[in-house]
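Chain residues, written in single-letter form:
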Amino acid sequence: MDSSTFFSISTLSYFIAMALYISYVAFRKSAIAITATTVMILGFFFQSIALILRWVDSYNLWVSTTPSTTFIESILRGAPLRNLYESLVFFVWCLVLIHLIIEFKYKTRTLGAFVMPVAALALAFIDVSGMSKEIQPLIPALQSNWLLFHVFLSFIGYAAFGVSFAAALAYLVMATESRTERAYIFWSITVGIFLIVLIAMGIDYLSMSTASQGDFIRNYFLKATFKSSSGGVVTLSWVLSIAFILLLWRYGLGLKKILTGLAITKNMLEEIEYKSIAIGFPLFSIGGLIMGAIWANSAWGTYWSWDPKEVWSLITWLIYAGYLHARFVAGWRGKKVAVLALIGFIGVVFTYLGVNLFLSGLHAYGGL
Amino acid sequence: MADKEKTNIFDRLWSFFASLKLAIVLLLLLAVTSIIGTIIEQNVEPARNIQLLSKIFGVEAAPTVYNIFVKLGFMDMYHSWWYTTLLTLFSLNLTICSLEKFPKTWRLVKKPLTPLSENAMKNMLIKKEATIKTSLNVAKDEFLNSLRASRYHVFEATEDNGVQLYSQKGNYTRLGVYIVHCSILLILAGAIIGARFGFDGFINLPEGGASSVVYTNSGEPIPLGFIIKCNWYDTRYYIGTDTPQEFQSELVIIDDGREVLKKQIEVNSPLTYKGITFYQSSYGMIPDAIGEFILKITSRSGNEKTMHLQFGDTFEIPEAGIKGEIVDFSPALGRDPQTGQLVTYAETMVNPAVAIEFSMKGEAHQGEKKFKGWILKRYPETGILPGGHKIEFIDYWGVEYTGLQVSKDPGVVIIYLASIVMSIGLYIAFFMSHKKIWVRLIPETSGRRNSVRVIIAGSASKNRLALERQIEHILSRASEAMEQRQPQKK
């Protein structure tokens, strides 16, 4: 079997695990939770095999085109972190790994209902965006030893931020009391927008499936809904979206009832939220910003060129720096900082995907 | 009176900048304003941004909005007066906040550790108890050893009913955050030095061309103080594809009339001379350039000859009695998939090919025999002639230029230093913790044998689990050592 078969199996497992985690939260049968963990570990196992196989494949590709490089260098050049598809897969891998660690450390399986959807969203994004899954030859700018470390650390950081997002969201669900509360309105709208964008992309994908796989998503992003040529469709999209958010806002409080009484407390969620940020922040600073700057200096002659990707990672860094100071120095607690954690992750998503989708710049090879 | 007012203003300014609220506001304000420059393309021709603005504000309003945005500095916003002001406020705030907090932290670091009262010990989160059959002195010795082996700084206090060892390590980790703050100031300092004493420029050098100046983005020449020359430029492709694998140029530095440095540069592998670095950044074809064909001929017997030829030139392979004439060139020779005819499919040198008309003379050929053949640079097998002679198409030289990004940045050293300092600071601040362990030893006599009751308590600024494991480790190491000492005493 080749790597893509294993990837498919792991994707399927993750989706099943997500469904199981959610039904565990809904029905509270511990047997479901144990099955969810088992399925997730299976998925993780298959994904690890798939990653290794893909690494071997791209190592072989590199060696076949450049036989003169040393063994170590060829391994570094073969690292499956060279385009958006591979990085998303790796992001999911990190996310599941961190989730597994938390699950065993905190002995709670509830967080899975929040973390696994993030993983599933990332995997769904791969398919609805129609990005290329091919193993591509490494372009000159990426032929550097920094690639592996820069991308590797950045993504562990991103994944840690993803976990903090899940924890902060769960926290807000549990901590908000009424529909008029600002924190409540904020989380319901945020989740609503995340879901609407993904659904809209799914519709793009279904209606534009005639477009070739290699087509850049930029060309048809939201063209089937919000940017449709027909005015009726545009109006309908907006009306449905607003209705969707209103529904979420109206019935979101129900989630709170479901969550309370499970083996998870607000304190635990808050702790997971800030601990993930405390891990993600230094890794992202060192791997993402510092190593990125050093690499940029050796490749482009400038360590900082105000390229959109750089600016967005700075924005993300500033938000999380704000979070850490608000929490540890100013003593903010609870909903206020949880909202900051959500905003931080919006920054991550934009740094990671938004820049590649909407803005041009030096990091264009991270495209689809 | 005037003096008093001055100090008041100074005090007020100081407390304004020492405010943590300001820090959080500035962090978030920088984050929000930075977004503008990622949406509006920076330093590009006006038309592009007017086009973008007309999508948002309508075609009519766009030029007006554009002019307002220009006045606000949005077209080069990261260098605009207000963004620079924000950064300056940020660094002032960072400095003053740190200065304000540092003495308090330092006092905490320097504050001597004290033994724990019985009650306080009871309330500690991390606690462990054991009774070991040994004497108080042995127990004290071994716990001292065990704590020290884990690099704890240990003190001891005699108590009414026994001894307390109190120890800590990593109390300097509180300073990690100040190290990070310093590194940020270092980065800003490095950036200022770079902007003040460095430059960014570019130069396009044709193959064989040289220059003693480079140009800034606005077109002003900057003298280098030496000459940079490009010997050749080449794009290497992945075998069998048109995907570039590497962009390379061979550069030579000529200083004082002498060739002092020669290097083949690639993306990710620049050349540096006298603090000025040359990066491979682009390439292209020189319009209407006439180049020179470099062919390497290897005869069957192994004689090699490299020739530089012009269009229409002829050459000879004496051993074979073959004459060749250069009759055609294509920068990118391919076969049309429909018609099967040879076509040039790109303007750039993706797949350069030279057409040579051969004429063979000699007994074997009975008079003269002519034929035309294409030799492709990327496919050396196309250059093998009947009879085992070989022609390699090395390059069509002199028609491409290499685009070099040139920069001098004396601030980079500081940036690198700051990077190291920041990594260390982050590591200390986030991954190291201040740990304290208290060990209370109470001798007990049960029957004939001496035993010691051990109560261990600990606290850690982060990662309690790790401390729990460490305490278990310290306990087990001490008790093992005591067990080993037992038989010797008897």
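Engineer: I keep staring at empty space enclosed by the protein and nothing clicks. Help me out?
Structural biologist: One water molecule sets the probe size; rolling that probe over the atoms shows where empty space is left. In total, this model carries 2 cavities of 30 Å³ or more according to the counting rule given. As a volume, the second largest cavity reaches approximately 30 Å³. Lining the second largest cavity, in full, are S58, L61, W62, T65, R77, R82, P137 and L138 of chain A together with Y238 of chain B. In the lining of the second largest cavity, the residues fall into 5 nonpolar, 2 polar and 2 charged.

Engineer: What should I look at first to understand the pattern of salt bridges in this one?
Structural biologist: Pairs can form between side chains of opposite charge once their charged atoms are near each other. All names here are of chain A. Within the structure shown, the criterion is met by 19 salt bridges over all chains. Linking R82 and E86 is a salt bridge whose minimum nitrogen-to-oxygen distance equals 3.8 Å. Here K256 and E177 are joined by a salt bridge, their closest N and O atoms 3.8 Å apart. With K256 in helix α10 (residues 253-259) and E177 in the loop between α6 (146-175) and α7 (182-207), this residue pair connects regions lying 79 residues apart in the sequence. Given the relative accessible area of 18%, K256 is considered buried. Several salt bridges converge on common partners, so that one network encompasses R54, R82 and E86.

Engineer: Help me understand the nonpolar core, please; the structure alone is not making it clear to me.
Structural biologist: Within the largest apolar cluster, 160 residues are counted, with the highest numbers of intra-cluster contacts made by F91 and W317 of chain A. Once residues lying within four places of it in the same chain are set aside, the contact partners of W317 of chain A are F281, F284, S285 and L289 of chain A together with I184 and M422 of chain B. In terms of nonpolar packing, the next biggest core, distinct from the first, is built from 23 residues, I126, I132, A139 and L467 of chain B among them.

Engineer: What is the right way to read the packing of aromatic side chains from this model?
Structural biologist: The description of two aromatic rings rests on the distance between their centres and on the angle between their planes. As enumerated under the stated definition, the model contains 47 aromatic pairs over all chains in all. A centroid spacing of 3.9 Å and a plane angle of 10° characterise the contact between F161 of chain A and Y320 of chain A, whose relative ring orientation is stacked. Taken together, the residues F161 of chain A in helix α6 and Y320 of chain A in helix α12 (residues 308-328) connect sequence positions 159 residues apart. There is no split in this pair, since F161 of chain A and Y320 of chain A are both buried. Consider the rings of Y233 of chain B and Y283 of chain B, whose centres lie 5.1 Å apart with planes at 10°: the pair is stacked. Placement of Y233 of chain B in strand β6 (residues 221-237) and of Y283 of chain B in strand β10 (residues 276-285) is noted, with a sequence separation of 50 residues between them.

Engineer: Just checking my understanding: could you explain the pairing of strand β11 (residues 292-298) of chain B for this structure?
Structural biologist: The two faces of the sheet receive side chains in turn, since in a regular strand these alternate between them. Within β11 of chain B, 5 of the 7 residues are buried, leaving the element largely enclosed by the surrounding structure. A loop of 5 residues connects β11 of chain B with strand β12 (residues 304-309) of chain B, the two strands running antiparallel in sequence, and G302 of chain B in this loop sits at a positive phi of about 100°.

Engineer: How should α7 of chain A be read in this particular structure?
Structural biologist: In this model, α7 of chain A (26 residues) spans 37 Å end to end at C-alpha, consistent with the 38 Å of a helix rising 1.5 Å per residue. Buried within α7 of chain A are the following residues: A183, Y184, W187, S188, T190, V191, G192, I196, A200, M201, G202 and D204 of chain A.

Engineer: Explain unusual backbone geometry to me, please; I cannot follow it from the model alone.
Structural biologist: If a residue is not glycine, its phi is most likely negative; likewise, a peptide bond is most likely trans. Although it is not a glycine, W306 of chain A sits at a positive phi angle of roughly 55°. Relative to the elements of secondary structure, W306 of chain A occurs in the loop between α11 (266-300) and α12. A positive phi angle is found at D256 of chain B, which is not glycine, with a value near 55°. Considering the arrangement of structural elements, one finds D256 of chain B in the loop between β7 (244-255) and β8 (258-266).

Engineer: Which parts of the structure should I look at to understand the environment of M77 of chain B?
Structural biologist: All names here are of chain B. Within the secondary structure, M77 sits in the loop between α4 (62-71) and α5 (81-110). Judged by relative accessible area, which is 0%, M77 ranks as buried. With sequence-adjacent residues up to four places away left out, M77 is seen in contact with T33, S34, I36, G37, Q42, W82 and Y83.

Engineer: Explain the sheet that holds β11 of chain B here, please?
Structural biologist: By definition, the strands of a sheet pair up through backbone hydrogen bonds, in either a parallel or an antiparallel sense. Residue and element names in this part refer to chain B. One open sheet accounts for 3 strands, arranged β12-β11-β19; its pairing is antiparallel. Edge strands, defined here as strands with exactly one partner in the open sheet, are β12 and β19 (390-397). Taking each pair of neighbouring strands and ignoring which way they run, the sheet shows an average axis angle of 20°. Here 6 bridges tie β11 to β12, and the two strands are oriented antiparallel to one another. Each bridged residue has a counterpart across the sheet, and for L295 the counterpart in β12 is M307.

Engineer: Honestly, the interface of chain B and chain A in this entry has me stumped. Any pointers?
Structural biologist: Frequently, the measure chosen for interface size is the accessible area removed from exposure when the parts meet. Counting from both sides, the interface comprises 46 residues of chain B and, opposite them, 49 residues of chain A. Summed over both partners, the interface of chain B with chain A comes to about 3,900 Å²; 70% of that surface belongs to carbon and sulfur atoms. At the surface where chain B touches chain A, the tally comes to 0 salt bridges. Viewed at the interface, chain A and chain B are joined by 8 residue pairs in polar contact (both at pLDDT 80 or more). For the side of chain B that touches chain A, the secondary-structure elements that each account for two or more residues are α2 (20-39), α5, α8 (176-197), β7, β10, β20 (400-408) and α9 (412-431) of chain B. It is α2 of chain B that contributes the most residues to the side of chain B that touches chain A, 10 residues altogether. When its residues are assigned to classes, the side of chain B that touches chain A shows 27 nonpolar, 14 polar and 5 charged.

Engineer: Please clarify how a nonpolar patch on the surface should be interpreted in this entry.
Structural biologist: All names here are of chain A. The grouping of I185, I189, I193 and V197 at the surface amounts to a nonpolar patch, some 280 Å² of accessible area in total. Here I189 is to be found in helix α7. The exposure class of I189 is partly exposed, given its relative accessible area of 34%.

Engineer: Even after reading the chapter, I still don't get the confidence of the model for chain A, so can you show me in this structure?
Structural biologist: Predicted coordinates in areas of low pLDDT are best not read in detail. All names here are of chain A. Here chain A shows a mean pLDDT of 84. Residues at 70 or above account for 93%. The least confident element of chain A, judged by mean pLDDT, is helix α8 (residues 217-220) at 62; the most confident is α12 at 92. Taken as a whole, residues 211-215 scores under 50 in pLDDT and shows 4 contacts with residues more than four places along the chain or in a different chain. Ignoring residues within four places in sequence, the model shows residues 364-368, a span with pLDDT below 50, making 17 contacts including any to other chains.

Engineer: What should I look at first to understand α11 of chain A in this one?
Structural biologist: Owing to its 3.6 residues per turn, the α-helix aligns residues three or four sequence positions apart on the same side. Residue and element names in this part refer to chain A. In the structure, α11 departs most strongly from a straight axis at F284, where the bend amounts to approximately 30°. The element α11 is extensively covered by neighbouring structure, given that 27 of its 35 residues are classed as buried. Just downstream of α11 lies G301, where phi reads positive at about 85°.

Engineer: Please explain the pairing of β20 of chain B as it appears in this structure.
Structural biologist: Inspection of the sheet shows strand β4 (residues 199-206) of chain B paired to β20 of chain B by 8 bridges, in the antiparallel sense. From the neighbouring strand, I203 of chain B faces β20 of chain B, where its bridge partner is L404 of chain B.

Thresholds, definitions, all that
- Residues numbered from 1 in each chain as written.
- Chains lettered and ligands numbered in written order.
- Predicted model: local features only at pLDDT ≥ 70, side-chain atom pairs only at ≥ 80, totals over all residues.
- Heavy atoms only, no water.
- 1 Å grid on protein atoms, 1.4 Å probe; cavity = no way out; pocket = protein on both sides within 12 Å on 5 of 7 lines; lining within 4 Å.
- Points joined across faces, edges and corners; volume = space filled by probe spheres on them.
- Nonpolar A, V, L, I, M, F, W, Y, C, P; charged D, E, K, R; others polar.
- Salt bridge = Lys/Arg side-chain N within 4 Å of Asp/Glu carboxyl O.
- Helix = DSSP H or I, 4+ residues; strand = E, 2+ residues; numbered from the N terminus.
- Buried < 20%, exposed > 50% of the residue type's maximum accessible area, 1.4 Å probe, protein only.
- Core = buried A, V, L, I, M, F, W, Y, C linked by side-chain atoms within 4.5 Å.
- Contact = heavy atoms within 4.5 Å.
- Phe/Tyr/Trp six-rings, centres within 6.5 Å; stacked < 30°, edge-to-face > 60°.
- Pairing = 2+ DSSP bridges.
- Expected span 1.5 Å × (residues − 1).
- Axes fitted to C-alpha atoms, helices over the stretch in contact; angles between N-to-C directions.
- Buried area = accessible area lost by both parts, 1.4 Å probe.
- Polar contact = N/O pair within 3.5 Å; in protein donor to acceptor, adjacent residues only side chain to side chain.
- Patch = residues over 30% accessible without salt bridge, like charges linked within 9 Å, V, L, I, M, F, W, Y side chains within 5 Å.
- Areas by Shrake-Rupley, 256 points an atom, 1.4 Å probe, with all protein chains shown as cover.
- pLDDT = per-residue confidence, 0-100.
- Bend = angle between axes of the 7 residues up to and from the residue.

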